Amino acid sequence: MLAVSAFAVDIGKPAPDFTATDINGKTVHLSDYKGKIVVLESYNSDCPYCHHQYATGAMQDLQKDLAAKGVVWLLVNSVNPNNSSHRTDAQAQKEEVTQNMDITAWIDDSSGAVGHLYGMETTPHMFVIDKSGTLVYDGAIDNVADPVHDTKTARNYVHEAVDDLINGKPIEVSETKPYGCSVKYAD
């Protein structure tokens, strides 16, 4: 297991590469997406904060918008297998469809390796990586830390960071405090 302190993620530094397996058994390497903007989302649908983002359609709308712009979206589920919120691959495949997700891959991170590597604290906890592989955003999905807020009027930090990248502008907000439920790691 990788210690968080050994691989702290820092804005402006290379995003740590990882190798993981998605819910379809495909091997995913972050480095495979060099040359593309990548969003990492720490996910647990049983968390009221994640649930609200998906129940309102806000997260799916963002996924669809960014996918149309060529952005890679990697959903990272670090819930350990002994937690009631854990999803087997079959359950996750069904959930991906029923939630109408527009993601590149759902990573089964039940070991917590990717979550710990990035210091994922909450669900959701969002990261944006630019085309060169540099971490440019780390934090909350938006500016309203409430599980039942109006997602359409909230300031969406991920959308802003990706738009700044696409438009060649400096990232206006590169770090925020993530909010949500704690990640349900095994340790």
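Whatever comes next refers back to the structure up there.
About the criteria used
Residues numbered from 1 in each chain as written. Predicted model: local features only at pLDDT ≥ 70, side-chain atom pairs only at ≥ 80, totals over all residues. Heavy atoms only, no water. Helix = DSSP H or I, 4+ residues; strand = E, 2+ residues; numbered from the N terminus. Rg over C-alpha atoms; globule rule 2.2 N^0.38 Å. Buried < 20%, exposed > 50% of the residue type's maximum accessible area, 1.4 Å probe, protein only. Contact = heavy atoms within 4.5 Å. Disulfide = S-S within 2.5 Å. Salt bridge = Lys/Arg side-chain N within 4 Å of Asp/Glu carboxyl O. Axes fitted to C-alpha atoms, helices over the stretch in contact; angles between N-to-C directions. Parallel < 35°, antiparallel > 145°, perpendicular 65-115°, else oblique. Nonpolar A, V, L, I, M, F, W, Y, C, P; charged D, E, K, R; others polar. Phe/Tyr/Trp six-rings, centres within 6.5 Å; stacked < 30°, edge-to-face > 60°. Pairing = 2+ DSSP bridges. Right-handed = clockwise from strand over helix to strand, strands pointing away.

### Here's the deal with the overall build of the protein
- Along its length, the protein carries 5 helices and 9 strands.
- Radius of gyration (C-alpha) of the protein: 15 Å, near the 16 Å computed for a compact globule of 187 residues.
- With the principal axes as the frame, the protein shows a C-alpha extent of 45 × 35 × 30 Å.
- Looking at the protein as a whole, 50% of its 187 residues are labelled buried.
- Restricting the contact set of the protein to residue pairs at least 6 apart, pairs at least 24 apart contribute 75%.

### Quick look at the state of the cysteines
- Enumeration over the complete set of coordinates arrives at 1 disulfide.
- In this model, cysteine 47 is linked to cysteine 181 through a disulfide, with the two sulfur atoms separated by 2.5 Å. Of note, the bridge from cysteine 47 to cysteine 181 carries an S-S torsion of about 85 degrees and is right-handed in sense. With cysteine 47 in the loop between strand S3 (38-42) and helix H1 (48-55) and cysteine 181 in strand S9 (residues 181-182), the pair connects residues that are 134 residues apart, well separated along the chain. Of the two residues examined, cysteine 47 and cysteine 181, each falls in the buried class.
- Here cysteine 50 is not disulfide-linked; the sulfur of cysteine 47 is the nearest cysteine sulfur, at 4.8 Å.
- What makes cysteine 50 buried here is its relative accessible area of 0%.

### Brief notes about the pattern of salt bridges
- In the structure shown here, the tally under the stated rule is 6 salt bridges.
- Taking the shortest distance from any N to any O, the salt bridge between glutamate 95 and arginine 87 comes out at 2.5 Å.
- The shortest N-O distance in the salt bridge between arginine 155 and glutamate 160 comes to 2.9 Å.
- The exposure class assigned to glutamate 160 is partly exposed, which follows from its relative accessible area of 26%.
- Each of the salt bridges in this network shares a partner with another, and the network as a whole consists of Asp46, Arg87 and Glu95.

### With respect to the packing of helix H2 (residues 58-68) against helix H5 (residues 157-166)
- Closest axis-to-axis distance for the H2/H5 pair is 11 Å, and the angle between their directions is 10 degrees. By the angle between their axes, H2 is roughly parallel relative to H5. Contact with H2, carried on its side by Leu62, Asp65 and Leu66, involves Val158, His159 and Val162 of H5 and no other residues of that element.
- Residues of the contact of H2 with H5, tallied by class, amount to 4 nonpolar, 1 polar and 1 charged.

### Let's talk about the packing of aromatic side chains
- All chains considered together, the criterion is met by 6 aromatic pairs.
- Ring-pair connections join several aromatic residues into one group, and the members of that group are Phe18, Tyr118 and Phe127.

### Remarks on unusual backbone geometry
- With an omega of -5 degrees, the peptide bond between threonine 123 and proline 124 qualifies as cis.
- Summarising the element assignment, proline 124 is placed in the loop between strand S6 (122-123) and strand S7 (126-129).

### What to know about the pairing of strand S4 (residues 72-77)
- Across the 6 residues of S4, 6 count as buried, placing the element largely inside the fold.
- The sheet contact formed by S3 and S4 spans 5 bridges and is parallel. By the bridge assignment for S4, serine 42 is matched with valine 76.
- Crossover connection from S4 via helix H3 (residues 89-98) to parallel strand S5 (residues 105-108): handedness right-handed.

### Remarks on the pairing of strand S8 (residues 135-139)
- Of all 5 residues that make up S8, 5 are buried, and the element is covered over most of its length.
- Across 4 bridges, the pairing between S7 and S8 is antiparallel. For phenylalanine 127, the partnering residue across the bridge sits in S8 and is aspartate 138.
- The hairpin turn running from S7 into S8, its antiparallel successor, is 5 residues long, and glycine 133 in that turn takes a positive phi close to 90 degrees.

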